[in-house]
Amino acid sequence: MALSTDTVSNVARLSRLAITPERLPALAAELNNILGFIEQLSAVNTDGVEPLRSVSAATLRLREDAATDGNQAEAVTANAPEKSHGFFVVPKVVE
Amino acid sequence: MSELTALSLTAAAAGIRAKKFSSVELVDAHLSAITAQNPALNAFITVTAEAAQQAAKAYDAKPTPDALLPGLPIGMKDLFCTKGVRTTAASKILGNFIPPYESTVSANLAAAGAITVGKLNLDEFAMGSANITSAYGAVKNPLKANDDTALCRVPGGSSGGSASAVKAGLCLAATGTDTGGSIRQPAAFCGIVGLKPTYGRCSRWGIIAFASSLDQAGPMTRTVTDAALMLRAMAGFDPKDSTSVDTPVPDYTAAIGQSIKGKRIGLPKEYRLDGTAPAVLAMWDKAAQALREAGAEVVEVSLPHTAYALPTYYIIAPAEASSNLARYDGVRFGARVDGDTLDHLYENTRAAGFGAEVQRRILIGTYVLSAGYYDAYYLKAQKVRALIARDFSEAFKSVDALLTPTAPTEAFRLGEEPKDPVAMYLNDVFTIPASLAGVPALALPGGYADNGLPLGVQLIGNHWQEETLLSIGAVLEQAL
Amino acid sequence: MSTPYRIKGRTGDWELVMGLEVHAQVISQSKLFSGASTLFGAEPNANVSFVDAGFPGMLPVINGVCVEQAIKTGLGLNAVINTTSIFDRKNYFYADLPSGYQISQYQQPIVGEGWLDIELEDGSTKRIGIERLHLEQDAGKSIHDQHPTKSYVDLNRAGVALMEIVSKPDLSAPFEAAAYIKKLRGILRALGTCDGNMEEGNLRCDVNVSVRKPGAPLGTRCEIKNVNSVRFVVQAIEFEAARQIEILEDGGTIRQETRLYDSAKGETRSMRGKENAHDYRYFPDPDLLPLMIPQAQIDRIRAAMPELPEARRKRFVTQYGVAPQDALLLAEENDIAAYFEEAAKGATDAKLLASWAVGELFAALNKAGTGIENSPLSPARLRGLVELISNGTISGRIAKDVFALMLESQDEAAAIVEAKGLRQVSDTGALEKAIAEVLAANPDKVTEYKSGKDKLFGFFVGAVMKATGGKANPGVVNDLLKKALG
């Protein structure tokens, strides 16, 4: 399943990585090299094998329902590149 | 190395308790070593000299000799969030991120008396096997081959800063994290001890995630006993990590010095790969012989799906990483590169903030999860992963531990690393299977290559059998 | 069987096929995967943990109460509870989605198939299938009107637990959709798993609408997102169905898409911006292990299930003899049902009490713009009033006056009746005297009545009542009048 530059461009958009068109062919070649390697797996017979969910035998622990966190708006926004009136700020999103 | 920086963690603890030296003296000796050597090694991204000196003074003023690591200077891989101290994951994208919280493992270590002297360099987001993908520059191995004229060897990765600093005496021990070999392979390259515990043994809370189902923190030390001591301080149940397992932490040091007579050790035949350096194979044989001489029974075993571990890993790890790294978007923390729309802001920020290897893995991970490919790649990989885990559980029905090489070669020269990413991935061929199965593995020095550089040997145990590994490891350490 | 709902088009009748996805905010103190509070209306980013904000190294830990609430809701919907379920990551980038993924459940939800019955206009019921219910995180909120070129992001809601309840495409009329939502909301409220408040967005509906000629294969559907009132759901469906029929009758085809209902304009419009080829890349969240629910827990919750509105309604009819229409209104909400049952304790005529609650009391509450929890009449006071009617102390008409007086005081009905002298007059001597006076004052009418104008009987009753200040017992007046008029 060789990746076309179009597919790479689409995957880059899904990943939100700006890739210049000039870089696409080289990147496609790199990714195809890796995909060629991982496609060895198709040779393994996995009929009837359940996919591994976790290496741990444990199951999910349930937390007690109590408001124990929050009330730290200052700390939550302290690292933000742009903030205003306690909000995070981004370019206007049009719906 | 000065007298103080040459001490093992265990010996330093004894010295502090016997008041042979103070914590301030110990910390200062290591800070001096950092000042002297870090410019060449680049092992530390951030040195927290002032905080460390204050902590040492505080320790000396009110000593707690019963603590596991009383006033002992250690290094912290810069993947552990440290409250009030910049944490970078060796990536530009985190910018000047200052965590408002402390990771559970680093907090456990502090509670055990350890003093962090700084944040250690690594491959960006722990993705790499040579510590050359760091946005803060490559780390150098403090060891030279016989024919090297200057420091020019990679320390391995991703915990390359940790391995380099421990070997060079810049700290008594360091934390590492291991996703596919990131503790064990650099330990092998730098000639130290590294332990990847059972998945669920050390809390992942506050450690910047690479691949959540594989990431596990562990100690990097100069001796097996030190690894036992440090693991005891790091490990423990953490209700904040849903994958942390609620099982008591034993005194791992009690395993050291126990007889291994009658233990059954397996040599997985699939690990005898074509192209492995003859010196590595010789070291492996010698280690097996040493165990036989100590009374262990050494047998050949089979892990039939070993060959598929690497491709399985290079689906699962990038898939999880592509999702784990989506949060670095320039909105709530970290660096931002503006854009006229929100999507352009994301794309610009992430393109500028992530390095080439990280971008490559994000793209692969996104692709293998995308519509139409999920079953062929990700689901298939999780099925093969189940087979690999089953290989181990079958093997551990008949043996107590497995003995393998840690890495296929000794440390290579910076700039002479494989340029093909796939060839680079092969560095982890011996370490990845245990990561996929979630079982513990201990890497320790096993011998030397012809050029004098160290080679690593690896012991792999069943889930929660860290003590078995440590007792066998201590025997090997004595013998080799 | 009621007549199937059809929409008349130029080319003939059309049939509607609809399914609803309801997002119901789970009632809990803290969020699904963090300990931050779920309280509404806090300062921006105040109810936010570092987990909710997607900070590096932060990990989710599931809230046991949210799991319990989902199980309870599943049982209330007659659904299968899956003893193993999986949390998945739904990956996409958006300003109010801090981690770049939403934790949801994709292939193995906590609750599987179930059903609920809705009442149709003709009194018959229709069973609507439930496809699944799963737990997921809510997103934060972007505010677009604070700045000309910027959006402001508040993560207070980010991570709050939602139950997504997906119906089967069994709904075929706007009023069925409305009945489904009301029924579901009643169940959620009765169970205490969601407050059902649509104005605050605690219950939101996505409606999948398609049209077809009766019996034809399914048409292409459009999804109308986030409709926030029952009325708007009905309007949105009506508009959307008409839009699709018009396109099809003009020879066009329906494009499968997500649409938004604009309640100001009363129309749906395409949200093209939201759709550029979403590929959510679902995969099991490696930070979370499989959720295993022991059968014993399901059994325990089942044993402790509160009575649901439908069962309660039937019980009110059989146990108290309440009229079916009154029972429907009294059984719908826990608070109202509890009020009624408290009031009905020891009441002589619970049916009459029910009709007073639904009539006078509800009208008074409506007028005051308040709910039963702030009722000016305690259950005991209402009972006291109705008892006076039951035992003949006052007439129904006088009782309305007494009721009005009770709203303005804390007095018991009996005390008001005594103080104001409103006790009904049943003393035949006094009434005969009043009747004699009325007849004497109206000789013409008496003559007319006697010559066959029966309708005048009512006039005499009214006049006697008036003469006694409304206090006369109407039954006794009737008897005595008939006798007097011979």
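Caption draft 1: Representation of the overall build of chain C. The helix and strand tally for chain C stands at 15 helices and 16 strands. Scaling as 2.2 N^0.38, a compact globule of 486 residues should have a C-alpha radius of gyration of about 23 Å, whereas chain C reaches 30 Å, well beyond that. Dimensions of chain C, computed from the C-alpha atoms along their principal axes, are close to 95 × 55 × 50 Å. Looking at the 486 residues of chain C, the share that counts as buried comes to 56%. In chain C, once contacts between residues fewer than 6 apart in sequence are set aside, the share between residues at least 24 apart is 68%. Just so you have it, chain C exposes about 20,900 Å², and 51% of that area is on carbon and sulfur atoms.

Caption draft 2: View of the packing of helix α8 (residues 350-368) of chain C against helix α9 (residues 379-390) of chain C. Residue and element names in this part refer to chain C. With their axes 10 Å apart at the nearest point, α8 and α9 run at an angle of 120° to one another. Considering their axes alone, α8 and α9 lie oblique with respect to each other. For the element pair α8 and α9, the recorded crossing hand is right-handed. Side by side, α8 and α9 meet where Leu352, Leu353, Trp356, Ala357 and Leu361 of the first sit next to Leu382, Arg383, Leu385, Val386, Ile389 and Ser390 of the second. By residue class, the composition of the contact of α8 with α9 is nine nonpolar, one polar and one charged.

Caption draft 3: Geometry of unusual backbone geometry. Residue and element names in this part refer to chain B. With an omega of 10°, the peptide bond between Gly157 and Ser158 qualifies as cis. Turning to its location among the elements, Ser158 is positioned in the loop between β3 (115-120) and α5 (160-168). Not every positive phi belongs to a glycine, and Asn42 is a case in point at roughly 60°. One can find Asn42 in the loop between α2 (23-41) and β1 (44-47). Its identity as a non-glycine residue notwithstanding, Trp464 has a phi of 65°, on the positive side. Along the chain, Trp464 falls in the loop between β11 (454-461) and α15 (466-479).

Caption draft 4: Here's a closer look at the domain arrangement of chain C. The domain boundaries assigned to chain C delineate domain 1 (7-301), domain 2 (309-420) and domain 3 (428-485). When each unit is reduced to the centre of its C-alpha atoms, the spacing between domain 1 of chain C and domain 3 of chain C is 65 Å.

Caption draft 5: Representation of the pattern of salt bridges. Residue and element names in this part refer to chain B. Applying the stated criterion across every chain, the model contains 52 salt bridges over all chains. In this structure, the salt-bridge partner of Glu357 is Arg361, at a minimum N-O distance of 2.7 Å. Of this pair, Glu357 and Arg361 both sit in helix α11 (residues 356-369), four residues apart, roughly one helical turn. In this structure, Glu357 and Arg361 share a single accessibility class: buried.

Caption draft 6: Spotlight on the sheet that holds strand β8 (residues 141-143) of chain C. If you trace the four strands from one edge of the open sheet to the other, you get β1(A)-β2(A)-β9(C)-β8(C), paired in antiparallel fashion. Edge positions in the sheet fall to β1 (83-84) of chain A together with β8 of chain C, since each has one partner strand and no second. Pairing analysis gives three bridges linking β8 of chain C to strand β9 (residues 150-154) of chain C, with the strands arranged antiparallel. Paired with Ser142 of chain C across the two strands is Val153 of chain C, which belongs to β9 of chain C.

Caption draft 7: Local environment of the sheet that holds strand β4 (residues 88-91) of chain C. All names here are of chain C. Spatial strand order, β5-β4-β15: three strands in an open sheet with antiparallel pairing. The sheet terminates laterally at β5 (101-104) and β15 (283-284), the two strands that pair on one side only. Across two bridges, β4 lies against β15 in antiparallel orientation. In the sheet register, Asp88 faces β15, and the bridge partner there is Pro284.

Caption draft 8: Fine view of the interface of chain C and chain A. Taken together, the contacts link 53 residues of chain C with 38 residues of chain A. At the junction of chain C with chain A, the criterion picks out 26 residue pairs in polar contact (both at pLDDT 80 or more). If you list the elements that add at least two residues to the side of chain C that touches chain A, you get α1 (64-76), β9 and β16 (291-292) of chain C. Sort the elements by how many residues they give to the side of chain C that touches chain A and β9 of chain C lands first, with five residues.

Caption draft 9: Molecular detail of the environment of Gln146 of chain C. Residues and elements named next belong to chain C. When you line up the elements, Gln146 lands in the loop between β8 and β9. C-alpha of Gln146 to C-alpha of Gly384: the two residues are 238 residues apart in sequence and 55 Å apart in space. A distance of 3.4 Å separates the side chain of Gln146 from the side chain of Asp145, its partner in a polar contact.

Caption draft 10: Structural view of the interface of chain A and chain B. Across the contact, 48 residues belong to chain A and 67 residues belong to chain B. Where chain A packs against chain B, one counts three salt bridges. Asp343 of chain B is paired through a salt bridge with Arg16 of chain A; the nearest N and O atoms lie 2.9 Å apart. Connecting chain A to chain B are 17 residue pairs in polar contact (both at pLDDT 80 or more). The element that contributes the greatest number of residues to the side of chain A that touches chain B is helix α2 (residues 24-38) of chain A, accounting for eight residues. Split by residue class, the side of chain A that touches chain B holds 31 nonpolar, nine polar and eight charged.

Caption draft 11: Spatial organisation of the side chain of Asn202 of chain C. Residues and elements named next belong to chain C. Locating Asn202 in the fold gives a position in the loop between α2 (174-191) and β11 (203-212). For Asn202, a relative accessible area of 6% gives the class buried. Here Arg157 takes part through its side chain, which lies 3.1 Å from a polar atom of the side chain of Asn202.

Caption draft 12: Focus on the nonpolar core. Counting 178 residues, the largest nonpolar core has Leu109, Phe125, Leu291, Phe392 and Leu403 of chain B as the members making the most contacts within it. By size, the runner-up hydrophobic cluster in this structure holds 71 residues, among which are Leu116, Ala177, Met198 and Ala236 of chain C.

Caption draft 13: Up close: the packing of aromatic side chains. Residue and element names in this part refer to chain C. Scanning the model with the defined rule gives 36 aromatic pairs over all chains in all. Geometrically, the ring pair formed by Tyr449 and Phe457 is tilted, given 6.3 Å between the ring centres and 35° between the ring planes. In this structure Tyr449 comes out as buried when scored by relative accessible area, which is 18%. Residue classification places Phe457 among the buried residues on the basis of a relative accessible area of 15%. Positioned above the aromatic ring of Tyr280, the side-chain terminus of Lys90 is 4.3 Å from the ring centre.

Caption draft 14: How the structure looks around the layout of surface pockets. Residues and elements named next belong to chain C. In this structure, the second largest pocket encloses a volume near 500 Å³. Around the second largest pocket, the lining is made up of 22 residues, and of these Glu119, Lys182, Lys183, Leu328 and Glu332 lie nearest the centre. Mapped onto the lining of the second largest pocket, the elements with two or more residues apiece are β6 (114-119), α2, α5 (309-320) and α6 (324-331). Ranked by residues supplied to the lining of the second largest pocket, first place goes to α2 with eight residues. Taken together, the residues that form the lining of the second largest pocket break down as nine nonpolar, two polar and 11 charged. Both domains that meet at the lining of the second largest pocket, namely domain 1 (7-301) and domain 2 (309-420), each give it at least three residues.

Conventions used here
Residues numbered from 1 in each chain as written. Chains lettered and ligands numbered in written order. Predicted model: local features only at pLDDT ≥ 70, side-chain atom pairs only at ≥ 80, totals over all residues. Heavy atoms only, no water. Helix = DSSP H or I, 4+ residues; strand = E, 2+ residues; numbered from the N terminus. Rg over C-alpha atoms; globule rule 2.2 N^0.38 Å. Buried < 20%, exposed > 50% of the residue type's maximum accessible area, 1.4 Å probe, protein only. Contact = heavy atoms within 4.5 Å. Areas by Shrake-Rupley, 256 points an atom, 1.4 Å probe, with all protein chains shown as cover. Axes fitted to C-alpha atoms, helices over the stretch in contact; angles between N-to-C directions. Parallel < 35°, antiparallel > 145°, perpendicular 65-115°, else oblique. Left-handed = near helix turned anticlockwise from the far one by under 90°. Nonpolar A, V, L, I, M, F, W, Y, C, P; charged D, E, K, R; others polar. Domains from an automatic or database assignment. Salt bridge = Lys/Arg side-chain N within 4 Å of Asp/Glu carboxyl O. Pairing = 2+ DSSP bridges. Polar contact = N/O pair within 3.5 Å; in protein donor to acceptor, adjacent residues only side chain to side chain. Core = buried A, V, L, I, M, F, W, Y, C linked by side-chain atoms within 4.5 Å. Phe/Tyr/Trp six-rings, centres within 6.5 Å; stacked < 30°, edge-to-face > 60°. Lys NZ or Arg CZ within 6 Å of the ring centre and 35° of its normal. 1 Å grid on protein atoms, 1.4 Å probe; cavity = no way out; pocket = protein on both sides within 12 Å on 5 of 7 lines; lining within 4 Å. Points joined across faces, edges and corners; volume = space filled by probe spheres on them.

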